[in-house]
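The chain contents come next:
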Amino acid sequence: MTCTFFGHRDTDSTAVREPLKKLLIELIENRNAIEFYVGSEGNFDRTVRSVLRELKEKYPQIRYSTVLAYLPEKNNEFFDYTDTIYPEGLERVPLRFAIAKRNEWMVNHSDMVIAYVKYNFGGAAKYIEYANRKKKKIINLYEKY
């Protein structure tokens, strides 16, 4: 199973970290979740990457990728691009639409969406609606915990 993630940029990392970790362990152990796609903007994405990096030590079979919306700058030496992917075709998308197209790609290439969405407006809520229209399984940590 492949999972992707959407959450608010200002998500409180301390509030979401343990429920997220508990859910991911359950999905890995009981639902064969092995592939994970995460964005690169905001606190929620950083928390997800941190938890996945930690779980990779215990569950070496899992794979996770940070899905980039933009091509990296050649002289950005401060970001490790080891676990990143850049979806094919995104280089032809105008920059102002890059995150939207990346998010659609993430939903389209996943079986399940894990979210932390408190509000019914904004980017995270928009892609939860998109995932719902695409008949993806959605777990909203805000509602669950």
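Report on the accompanying structure. (Residues numbered from 1 in each chain as written. Predicted model: local features only at pLDDT ≥ 70, side-chain atom pairs only at ≥ 80, totals over all residues. Heavy atoms only, no water.)

**Details of the overall build of the protein**
Here is step 1: When helices and strands are tallied, the protein shows 5 helices and 6 strands.
Here is step 2: Beginning at the N terminus, the succession of helices and strands in the protein can be written as β-α-β-α-β-β-α-β-α-β-α.
Here is step 3: When contacts within the protein are restricted to residue pairs at least 6 apart in sequence, long-range pairs at least 24 apart make up 74% of them.
Here is step 4: When the accessible surface of the protein is summed, it comes to about 8400 Å², and 48% of that surface belongs to carbon and sulfur atoms.
Here is step 5: Between the mean site of the 24 positive side-chain charges and the mean site of the 20 negative ones, the protein shows a separation of 5 Å. (Helix = DSSP H or I, 4+ residues; strand = E, 2+ residues; numbered from the N terminus. Contact = heavy atoms within 4.5 Å. Areas by Shrake-Rupley, 256 points an atom, 1.4 Å probe, with all protein chains shown as cover. Lys, Arg positive; Asp, Glu negative; His and termini not counted. Charge placed at Lys NZ, Arg CZ, Asp CG, Glu CD.)

**Observations regarding helix H1 (residues 13–31)**
Here is step 1: For H1, with 19 residues, the first-to-last C-alpha span of 25 Å sits near the 27 Å given by 1.5 Å per residue.
Here is step 2: Taken residue by residue, H1 has Val16, Pro19, Leu20, Leu23, Leu24, Leu27 and Ile28 as its buried positions.
Here is step 3: Those residues of H1 that are buried are in contact with strand S1 (2–7), strand S2 (35–38), helix H2 (42–58), strand S5 (112–116), strand S6 (137–140) and helix H5 (141–144).
Here is step 4: Positive phi shows up at Asn32, right after H1, with a value of about 60°. (Expected span 1.5 Å × (residues − 1). Buried < 20%, exposed > 50% of the residue type's maximum accessible area, 1.4 Å probe, protein only.)

**A short note on the pairing of S5**
Here is step 1: Along S5, 5 of the 5 residues are buried, which leaves the element largely enclosed by surrounding structure.
Here is step 2: Neither face of S5 is left uncovered, since the one carrying Met112, Ile114 and Tyr116 and the one carrying Val113 and Ala115 both have all their residues buried.
Here is step 3: Two elements, S1 and S5, share 5 bridges in a ladder whose sense is parallel. The residue bridging Cys3 from the neighbouring strand is Met112, located in S5.
Here is step 4: Traced from S5 through helix H4 (residues 123–133) to S6, the parallel crossover comes out right-handed. (Pairing = 2+ DSSP bridges. Right-handed = clockwise from strand over helix to strand, strands pointing away.)

**A few points about the pattern of salt bridges**
As a working rule, side chains carrying opposite charge can pair if their charged atoms are close by.
Here is step 1: Following the criterion strictly, the structure yields 6 salt bridges and no others.
Here is step 2: Residue Glu35 is joined to Arg63 by a salt bridge in which the shortest nitrogen-to-oxygen separation is 2.7 Å. In this pair, Glu35 sits in strand S2 while Arg63 sits in strand S3 (residues 63–67), placing the two residues 28 residues apart along the sequence.
Here is step 3: In the salt-bridge network here, residues are joined through shared partners; they are Arg17, Lys21 and Glu54. (Salt bridge = Lys/Arg side-chain N within 4 Å of Asp/Glu carboxyl O.)

**Some words on the sheet that holds S1**
Sheet strands line up and pair through hydrogen bonds in the backbone, either parallel or antiparallel.
Here is step 1: Strand order across the open sheet formed by 6 strands is S4-S3-S2-S1-S5-S6, with parallel pairing between neighbours. In this open sheet, the two edge strands, each paired with only one partner strand, are strand S4 (84–85) and S6.
Here is step 2: Contacts between H1 and the sheet are confined to S1, S2, S5 and S6, with S5 contributing the most and set at about 165° to the helix. (Axes fitted to C-alpha atoms, helices over the stretch in contact; angles between N-to-C directions.)

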